[in-house]
Amino acid sequence: MKITILGAGTWGVALAALLSKNGCDVTVWSPIVCEIERLRATNTHQNLPGIQLPQNIIYTNDMEAACRDGEIVLFVVPSQFIRSTAEKAAAYIQNDAVIVNAAKGIEKGTFMTMTEVIADVLRTVRSGLQYSIAALSGPTHAEEVAAGLPTSIVAASEDEQISRKIAGLFANSCMRVYTNTDVKGVEISGALKNVIALAAGINRGMGFGDNSGAMLMTRGIAEITRLGLAMGCKRRTFMGLAGVGDLIVTCTSCHSRNNRCGELIGRGKSYEEAQAEIGMVVEGYHALEAAMGIAEKYAVELPITESVYSIIKCGEKPHDAMHRLMNRDIKSELDT
Ligand SMILES: NC(=O)c1ccc[n+]([C@@H]2O[C@H](COP(=O)([O-])OP(=O)(O)OC[C@H]3O[C@@H](n4cnc5c(N)ncnc54)[C@H](O)[C@@H]3O)[C@@H](O)[C@H]2O)c1
């Protein structure tokens, strides 16, 4: 199977290594010349220390060459670059390709999920193109996948045959793949858990403990579920790997940029200072505005997301935001 991977970051390269080991012919594209040169020259990635990548992966800056034979095209660039990358790739994607989105985010302004953004571009630029589309998401830190540690992930497509095809490609003794037909639920979970991870990080940075950490995670998945249900997604998706699974890993792991960024903010840094220290894209920040917009559109309350928005975008002190959260009206846990 010929695979095109768009994005040579930590996740794109970890997936390239996995698929190459599974016997696929893999080509990885990036717009960054020095990134491709370095991958070609060293077969290593700077964010995956100690990992030697398979020799037979092809690296290129040429989008046409990358997509020429791609039967499966994986989008693995940060979510804010998905639209521009789809616009670059659209002319070269093969008829009958299976497109897989592995980025986690919601587009500002349109509130589209990433598969919706890709479909939107293809509808405009390649209206006659035949293709299938899916999302790949779950509790999957690239560092652990690249190291071959046991991991599970969700392949989501409205067409069960397509999700099974993708599952077959990625599965091996280290990677267990579940399928789901609720694509929107899987993508909404992946985008919004990053905001809750910022909250969990802020909580730790302020010196609060495990009790409030557990509260934020539990009530975090409750608010993501509430929003997802209002959007027509399925409740069980939020209780699954792409929902609560990804939320747990992102809120607790040292590998999570959102979590680390939140911790720095909780210790008193501004978002800009924290982001500069992390040195990589913090997607929870980019999901904040869209999350607030969707919440308004569907008239759903997202108290934790609102608090993170207020801290990061409006400069509210984390302690004041936590105080407000603790003093909200009494609610039944059984309400959605
Ligand atoms: N890192 C993980 O463990 C992990 C796991 C699951 C999902 N994801 C998701 O995968 C996506 C990529 O994450 P990552 O960790 O690989 O990011 P990264 O920051 O490591 O890599 C980003 C890559 O995107 C490409 N890029 C940079 N600027 C670009 C531009 N202007 N246009 C197009 N491409 C550009 C480059 O190849 C760059 O290396 C994100 O949406 C993330 O949420 C990451």
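Given the structure is predicted, the values throughout are model-derived calculations rather than measurements.

Asker: Let's hear about the domain arrangement of the chain: which residues, and what values?
Answerer: Along its sequence, the chain is carved into domain 1 (2-181) and domain 2 (185-326). Spacing between the C-alpha centres of domain 1 and domain 2 amounts to 25 Å. Opposite the 28 residues of domain 1 that make contact, domain 2 presents 27 residues. Interface area, domain 1 with domain 2, both sides summed: about 2,300 Å², of which 64% is carbon and sulfur. The interface formed by domain 1 and domain 2 includes one salt bridge. Lys104 is the partner of Asp246 in a salt bridge, and the nearest nitrogen-oxygen pair spans 2.8 Å. The interface formed by domain 1 and domain 2 contains eight residue pairs in polar contact (both at pLDDT 80 or more). Among the elements that take part in the side of domain 1 that touches domain 2, strand β7 (residues 151-156) stands out by supplying four residues, more than any other. Taken together, the residues that form the side of domain 1 that touches domain 2 break down as 10 nonpolar, 13 polar and five charged.

Asker: How would you explain the packing of helix α8 (residues 183-205) against helix α9 (residues 210-230) if you had to name every residue and give the values?
Answerer: As a packed pair, α8 and α9 sit with axes 10 Å apart at the nearest point and diverge in direction by 155°. When the interaxial angle is binned, α8 and α9 end up roughly antiparallel. When the axes of α8 and α9 are compared, the crossing they make is right-handed. Within the contact between the two elements, α8 uses Ser189, Leu192, Lys193, Ile196, Ala199, Ala200 and Asn203 and α9 uses Ser212, Gly213, Leu216, Met217, Gly220, Glu223, Ile224 and Leu227. Broken down by class, the residue content of the contact of α8 with α9 amounts to eight nonpolar, five polar and two charged.

Asker: How would you sum up the nonpolar core? Please name residues and give values.
Answerer: In this structure, Cys261, Ile265 and Ile312 are the most contacted members of the largest nonpolar core, which totals 45 residues. Among the elements of the structure, α8, α9, α11 (241-252), α12 (257-266), α13 (271-278), α14 (283-297), α15 (303-314) and α16 (318-326) are those that each provide at least two residues to this core. Looking at this core element by element, the count peaks at 10 residues for α8. Aside from chain neighbours lying at most four places away, what touches Cys261 is Leu198, Tyr271, Ala274, Gln275, Ile278 and Val282. Counting residues in hydrophobic clusters, the runner-up holds 41 residues, among them Ala8, Ile36, Ile57 and Val100.

Asker: Residue-level account of α11, with values.
Answerer: Regarding α11, the residues found buried are Ala242, Gly243, Gly245, Asp246, Leu247, Val249, Thr250 and Cys251. The elements touched by buried residues of α11 are β6 (131-137), β7, α8, α9, α10 (235-238) and α12.

Asker: Break down the side chain of Thr250 for me, citing the residues and quoting the values.
Answerer: As for its placement among the helices and strands, Thr250 is situated in helix α11. With a relative accessible area of 2%, Thr250 lands in the buried category. A polar contact is formed between the side chain of Thr250 and the backbone oxygen of Asp246, at a distance of 2.6 Å. Beyond its immediate stretch of four places on either side in the chain, Thr250 contacts Lys193, Asn194, Ala197, Ser256 and Asn259.

Rules and cut-offs
Residues numbered from 1 in each chain as written. Predicted model: local features only at pLDDT ≥ 70, side-chain atom pairs only at ≥ 80, totals over all residues. Heavy atoms only, no water. Domains from an automatic or database assignment. Contact = heavy atoms within 4.5 Å. Buried area = accessible area lost by both parts, 1.4 Å probe. Salt bridge = Lys/Arg side-chain N within 4 Å of Asp/Glu carboxyl O. Polar contact = N/O pair within 3.5 Å; in protein donor to acceptor, adjacent residues only side chain to side chain. Helix = DSSP H or I, 4+ residues; strand = E, 2+ residues; numbered from the N terminus. Nonpolar A, V, L, I, M, F, W, Y, C, P; charged D, E, K, R; others polar. Axes fitted to C-alpha atoms, helices over the stretch in contact; angles between N-to-C directions. Parallel < 35°, antiparallel > 145°, perpendicular 65-115°, else oblique. Left-handed = near helix turned anticlockwise from the far one by under 90°. Core = buried A, V, L, I, M, F, W, Y, C linked by side-chain atoms within 4.5 Å. Buried < 20%, exposed > 50% of the residue type's maximum accessible area, 1.4 Å probe, protein only.

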